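Structural features, examined
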Amino acid sequence: MKKFYWMAALALALTSIVACGGKSSSEQTADTTQVAEYNGHQYHFDIVSAPDDSLPRVKDRFGDPYLDNRITVSVVRDGGTPVRFSFTKADFTADGTRHQILGGIAFSSVDASGLHFGAQLNAPGDEEGGTAFKITLPLVGSGKPQIVQDTNQDTASDDVEE
C-alpha cells in the first residue's frame, strides 16, 4: 500500500512539473471562463494560455529553455460576436523583463472604463513574483487594450490580517 501512495505522489509531482514549465509540448493550455455584469450587460470572457513555439525561448535559472506563453482573452457581450485579444510578452514593456515569460492574466473588475485584468511576467518555473501589469479592455469590443505597469503592488506582509 505504501508503494501505491509513493507512486501516486510521484505521478502527481511529475504532472505538476510538466504543467508548470512550458518546457514540454505546446499542447498544454490553461483555460478560464468567467462572467461579469455591468450596466445591464453581461460579459462572458474566456482566458486561454498556451506555450507558443513561435515566441523566443527564455532560460530559467538553471539554463533550461522555456517556451513563452501566448494568452488570448475572448469577450462576448450579451451573446454577441466574440472579440479576441491576443497577448505575448512583447505587449508588456518594463525594465527587467528580458528573462521573464508571460505567466498569466486574470480578471479583476469591470466599470465604465472597461474590463480590468491583471497580468504577470515572471521567471520561468516561478508562479509568484515578477512584474505586474494592469490591462483594460474596451466594453464594446472596439478599441485597443490599455496596458500599464502596476508599480503599486500591495503585497506587504504587515497588511495581512491574522
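As shown above, the structure is provided for reference.
This is a predicted model, so every value here is computed, not measured. (Residues numbered from 1 in each chain as written. Predicted model: local features only at pLDDT ≥ 70, side-chain atom pairs only at ≥ 80, totals over all residues. Heavy atoms only, no water.)

A closer look at the pairing of strand β7 (residues 101-111)
Under the convention used in this document: For two strands to pair, DSSP has to find at least two bridges joining them. Runs of H or I in DSSP of at least four residues are treated as helices and runs of E of at least two as strands, each being numbered from the N terminus.
As paired elements, β7 and strand β8 (residues 114-122) share nine bridges and run antiparallel to each other. Each bridged residue has a counterpart across the sheet, and for A106 the counterpart in β8 is G118. Remark: two residues form the turn of the hairpin made by β7 and β8, two consecutive strands paired antiparallel.

So, the side chain of T97
The condition is simple: Under the rule applied, a polar contact is a pair of N or O atoms within 3.5 Å (in protein, one hydrogen donor and one hydrogen acceptor; residues adjacent in sequence only if both atoms are side-chain atoms). Working rule for contacts: check all heavy atoms of both residues, and any pair within 4.5 Å makes them a contact.
One can find T97 in the loop between β6 (83-87) and β7. One polar contact links the side chain of T97 to the main-chain carbonyl oxygen of A94, over a distance of 3.1 Å. If we skip the residues at most four places from it in the chain, T97 touches K89, L121 and T131.

Here we look at the pattern of salt bridges
In plain terms, the rule: In the sections that follow, a salt bridge refers to a side-chain nitrogen of Lys or Arg positioned within 4 Å of a carboxyl oxygen of Asp or Glu. Only protein chains enter the area calculation, which uses a 1.4 Å probe; residues under 20% of their type maximum are buried, those over 50% are exposed, and those in between are partly exposed.
In total, this model carries three salt bridges according to the counting rule given. Notably, a salt bridge pairs R61 with D126, separated by 2.8 Å at the nearest N-O pair. Pair noted here: R61 is in the loop between β3 (58-59) and β4 (65-66) and D126 is in the loop between β8 and β9 (131-137), with a separation of 65 residues, a long-range link. The residue D78 makes a salt bridge to R77 at a minimum N-O spacing of 3.9 Å. A relative accessible area of 44% places D78 in the partly exposed class.

Remarks on the packing of aromatic side chains
Operational definition: When two rings of Phe, Tyr or Trp (its six-membered ring) have centres within 6.5 Å they constitute a pair, described as stacked for plane angles under 30 degrees, edge-to-face for angles over 60, and tilted for the intermediate range.
Taken as a whole and judged by the stated rule, the model has five aromatic pairs. Relative to F117, the ring of F45 has its centre 5.4 Å away and its plane inclined at 80 degrees; by these criteria the two rings are edge-to-face. Here the residue F45 occupies a position in strand β2 (residues 41-51), and F117 occupies one in strand β8, the gap between them amounting to 72 residues. Ring centres of F92 and F133 lie 5.0 Å apart, and the angle between their planes is 55 degrees; on these two criteria the pair is classed as tilted.

What about the nonpolar core?
Looking at soluble globular proteins, one finds that nonpolar side chains tend to be buried together. Stated precisely, the cut-off is as follows: Among the buried residues, those of types Ala, Val, Leu, Ile, Met, Phe, Trp, Tyr and Cys that are joined through side-chain atoms within 4.5 Å form a nonpolar core.
F87, I105, F117 and L137 are the most contacted members of the largest nonpolar core, which has 22 residues in total. Going through the elements one at a time, β2, β5 (69-77), β6, β7, β8 and β9 are the ones with two or more residues in this core. It is β8 that provides the largest number of residues to this core, a total of four residues. Among all residues touching F117, those that are not within four sequence positions of it are F45, I47, V73, I105, A106, F107, S108, F133, K134, I135 and L137.

A short note on the pairing of β9
With respect to burial, β9 is a largely interior element, six of its seven residues being buried. Inspection of the sheet shows β8 paired to β9 by seven bridges, in the antiparallel sense. Across the sheet, residue A119 finds its bridge partner in β9, namely F133. The sheet contact formed by β9 and strand β10 (residues 146-149) spans four bridges and is antiparallel. Counted as the bridge partner of K134 is V148 from β10.

Describing the sheet that holds β6
Just so we agree on the cut-off: Interaxial angles span 0 to 180 degrees and are taken between N-to-C directions of axes, which are lines fitted to C-alpha atoms, for helices over the stretch in contact.
Judged by pairing direction, the sheet is antiparallel, and its four strands sit side by side in the order β1-β2-β5-β6 without closing on themselves. Here the strands that pair on one side only, and so sit at the sheet edges, are β1 (30-38) and β6. Between one strand axis and the next, the sheet turns by 15 degrees as a mean value, whatever way the strands run. As paired strands, β1 and β2 are joined by nine bridges and run antiparallel to one another. Within the sheet, the bridge partner assigned to V35 lies in β2 and is H44.

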